[in-house]
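Listed here are the chains, written in short residue letters.
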Amino acid sequence: MTDNKADNVPAVSMSGVNKWFGDFQVLKNIELNVSVGEKIVICGPSGSGKSTLIRCVCKLEDHQQGEISVLGTELNDDVANIDEIRREVGMVFQQFNLFPHMTVLENCTLALNLVRKKNRKEAEDIAMSLLEKVHIPDQAKKYPGELSGGQQQRVAIARSLCMNPEIMLFDEPTSALDPEMISEVLDVMVSLAEEGMTMLCVTHEMGFARRVADRVIFMDQGEIVEQNDPISFFDNPANERTKLFLSQILHH
Amino acid sequence: MRSGIKSLNTASNTSAPPDASLSHRIKRNLFDTPFDSLLTGVCGLVLAYLLYQIVDWAFLSSIWTAEQEPLCRDASGACWSVIDARHRIILFGLFPFEEHWRSTLACVVMIGTIVASCFPWFWTGKKLSVLWLCGFGTFYLLMHGGLFGLSVITPEKWGGLALTIFIFAAVSLIGMPLSILLALGRRSKLPIIARMVGLFIDFFRSLPLLTILFAAAVITPFLLPGWLQGDKLYRVIVGFAIFFACYQAENIRAGLQAIPAGQDEAGLTLGLNYRQRVSRIQLPQAFRNSLPSIVNQFVITFKETSIVTIVGFFEILASGQAAYGTGQWTQHYIEVYVFIAAIYFVFVFSLSRYGAYLEKKLRVGHD
């Protein structure tokens, strides 16, 4: 996969993507190119399709029209393709989705064992180094239910990073957290961004967007309404809907 | 979170709740008002009287050995002589007398296998398969014979406790894997599989166990070719196992339904395939979620093994009836039933306690 960077293949490319839930169209003509190393923040009102969009990138949702390619491989119904892509794409969920019946360490080593075929020692070394990166190596033997929300979300990030993904997707990673725990998760995400990870984040943390995003995308009613670099996006939004949304979330 | 709470508590120097001592609680709960004291006193007396009656019947005024049987006619207590004289019939049924050691050993092996599979160390597909194949194979070899100079004893001579344990173990062994397949099948994304499995489960759940056992024993010989029929006992066990699996499948399915969709999605995004997600993420959580009803199904099944009497097998209850059914022992059926009840109790109570222990153990890390 490393040769993709040299060949300048986009990390993610979507063209003409349409998706419906029943009769309701959730994605309308999505055109999006994300280059390797780029950090994208996607925001928008609830129900605007932003979560669905990034869930399509790792094929947790099927799109019905258009093309999605990840690291040069097209997402279609070919199962081998999908597995290959999922291994290169990490996903962090709003509700953490840690496996409650496994310790933190087992959560991290599971896929290393089963998918990457690492032996136990190798897998634990990798897992511990990533738990150190998210600052919770001392919690390795605990179960998720014994940790705070912020700690659980950091474990979830470490678990994804264990697979050494090329792209990380974040689906509202701080929305289920108590306010005092948000920054510990954002700090981890910032340091990940500084290391050059390709990131697509659905989030309303506008401070985070200003600090790390290369591009901020605003979605409403299934469309990409506006996209720009963070300074222009926040200071000079072009679209009325963007202005309204920003005024609603920033002026409190 | 836990350490956080602890440090907050010590910082604000909150004290522990007042420690309610036993004597204090007894006084508060039982003797708070004169009426409470009266009620406690009356109930206590009634309980003590009943307890004395039972102890007197079972121990103080009872006769214990077979030789003392003539004394039974005048004794006011239990005549345990019947157990002393007839316990081999109860435990082994029609199994040939000089081979009873084989039946005993087989029971010990099977109980050992069941107990061993209760230890979490054995909880992988591979270890459980090996354990049960060995345990069950040994049991079968000992009971059936035909190898290593053991004489052949066909299943229609099996009986008593050994038969009860055999049926329970065989039904569990066939039924558990089948129930997992049925539960997964009913949740299949392919509508045709989901529908067919659903129909299969609902069909067998709509029939009484008795009907299924009768059909297995009496009707299937007309339907199946000779080489597929096997012994009547095996057909009855397969029928019983299907019945068990249909109920257990619904218990497991309930456990699967309770798992949030995000769990499977997390497995998907880590690149796990279907088999890995099922065996590592879904089933362990499903078993945890529906543990009480899964254990309950085992308890019911152990007791329902007595129904095979109807199709002509002498499991422990029927053997018991045979044990008091002759000559001098006919009046002492109560003692026989108490003895059999005690055996059932030991098995079923252990099973329930084990279930309770598991629930406690598995709650680790669950909020």
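Being a predicted model, the structure only gives us computed values, none of them experimental.

Caption draft 1: Seen up close, the overall build of chain B. Along chain B, the regular secondary structure elements total 16 helices and one strand. For chain B, the residues scored as buried account for 41% of the 367 residues in total. Considering only intrachain contacts with a sequence separation of at least 6, the fraction spanning at least 24 residues in chain B is 68%.

Caption draft 2: Representation of the interface of chain A and chain B in the model. Taken residue by residue, the interface counts 27 residues in chain A and 22 residues in chain B. In this assembly, chain A packs against chain B so that about 2,200 Å² is buried in total across both faces, 63% of it on carbon and sulfur atoms. For the pair chain A and chain B, the number of links is one salt bridge. Residue Arg55(A) pairs with Glu265(B) through a salt bridge whose shortest N-O separation is 2.6 Å. Where chain A meets chain B, there are five residue pairs in polar contact (both at pLDDT 80 or more). Counting only elements with at least two residues in the side of chain A that touches chain B, the list comes to α3 (79-88), β6 (89-92), α4 (104-114) and α6 (149-161) of chain A. Each residue belonging to the side of chain A that touches chain B can be placed in one class, and the counts come to 15 nonpolar, six polar and six charged.

Caption draft 3: How the structure looks around the nonpolar core. Ranked by internal contacts, the top residues of the largest apolar core, which has 81 residues, are Trp158(B), Ile167(B), Leu233(B), Ile252(B) and Leu256(B). For this core, the element with the highest residue contribution is helix α7 (residues 160-186) of chain B, accounting for 15 residues. Grouped together as the second largest cluster of nonpolar side chains are 50 residues, Val41(A), Leu131(A), Ile182(A) and Phe208(A) included.

Caption draft 4: Focus on a nonpolar patch on the surface. Among the surface-exposed residues, Leu210(B), Phe214(B), Val218(B), Ile219(B), Phe222(B), Leu223(B), Leu224(B) and Ile310(B) lie close enough to one another that they form a single nonpolar patch of about 790 Å² accessible area. With respect to the helices and strands, Leu223(B) occurs in helix α9 (residues 209-223).

Caption draft 5: Spotlight on the sheet that holds strand β2 (residues 24-34) of chain A. Residue and element names in this part refer to chain A. Pairing is antiparallel across the open sheet formed by four strands, whose spatial order is β2-β1-β4-β5. Edge positions in the sheet fall to β2 and β5 (73-74), since each of these pairs with one other strand and no more. Here strand β1 (residues 12-21) pairs with strand β4 (residues 65-70) via five bridges, running antiparallel. From the neighbouring strand, Met 14 faces β4, where its bridge partner is Ile 68. Sheet strands touched by helix α2 (residues 50-57): β1, β2 and β4. Its angle to β1, the strand with the most contacts, is close to 120 degrees.

Caption draft 6: Just the layout of surface pockets, in detail. Considered as a void within the structure, the second largest pocket measures approximately 860 Å³ in volume. As for the second largest pocket, its lining consists of 26 residues, and the residues nearest its centre are Lys189(B), Asp264(B), Leu268(B), Tyr274(B) and Arg277(B). For the lining of the second largest pocket, the secondary structure elements donating two or more residues are α3 of chain A together with α11 (232-257), α12 (261-269) and α13 (274-289) of chain B. Class assignment of the residues belonging to the lining of the second largest pocket gives a composition of eleven nonpolar, five polar and ten charged.

Conventions adopted
- Here, residues in each chain are numbered from 1, in the same order as that chain's written sequence.
- As they are written, the chains are lettered A onward and the ligands numbered 1 onward, keeping that order.
- Two thresholds apply to this predicted model, a pLDDT of at least 70 for residue-level local features and 80 or more for giving and counting side-chain atom pairs, whereas whole-chain, interface and lining totals are computed over all residues.
- Side-chain numbers here rest on the full set of heavy atoms in the structure, without hydrogens or water.
- To qualify as a helix, a DSSP run of H or I must reach at least 4 residues; to qualify as a strand, a run of E must reach at least 2; elements of each kind are numbered from the N terminus.
- Type-normalised accessible area, obtained with a 1.4 Å probe on protein chains alone, sets the label of each residue: buried when under 20%, exposed when over 50%, and partly exposed for intermediate values.
- Contact definition: two residues touch when any of their heavy atoms are within 4.5 Å.
- Using a 1.4 Å probe, buried area is obtained as the accessible area two parts lose upon being combined, added over both of them.
- A pair is scored as a salt bridge if a Lys or Arg side-chain nitrogen falls within 4 Å of a carboxyl oxygen belonging to Asp or Glu.
- Two N or O atoms count as a polar contact when they lie within 3.5 Å, although within protein this holds only if one can serve as hydrogen donor and the other as acceptor, and sequence-adjacent residues are included solely when both atoms are side-chain atoms.
- Classes in brief: Ala, Val, Leu, Ile, Met, Phe, Trp, Tyr, Cys and Pro nonpolar; Asp, Glu, Lys and Arg charged; the others, Gly included, polar.
- We call a set of buried residues a nonpolar core when its members are Ala, Val, Leu, Ile, Met, Phe, Trp, Tyr or Cys and they connect through side-chain atoms within 4.5 Å of each other.
- Patch rule: a residue counts if its relative accessible area is over 30% and it has no salt bridge; like charges are joined within 9 Å, and nonpolar side chains (Val, Leu, Ile, Met, Phe, Trp, Tyr) within 5 Å.
- Using the Shrake-Rupley algorithm and a 1.4 Å probe, accessible areas are obtained, with residue cover drawn only from the displayed protein chains.
- If DSSP finds at least two bridges between two strands, the strands pair.
- To obtain each axis, a line is fitted to C-alpha atoms, and for helices this fit is confined to the stretch in contact; angles are then taken between N-to-C directions over 0 to 180 degrees.
- Cavity: a set of points on a 1 Å grid over the protein atoms alone where a 1.4 Å probe fits but cannot get out. Pocket: an open set with protein on both sides within 12 Å along at least five of seven lines, its lining residues, like those of a cavity, having an atom within 4 Å of a point.
- Grid points are joined across faces, edges and corners, and a volume is the space filled by probe spheres set on the points.

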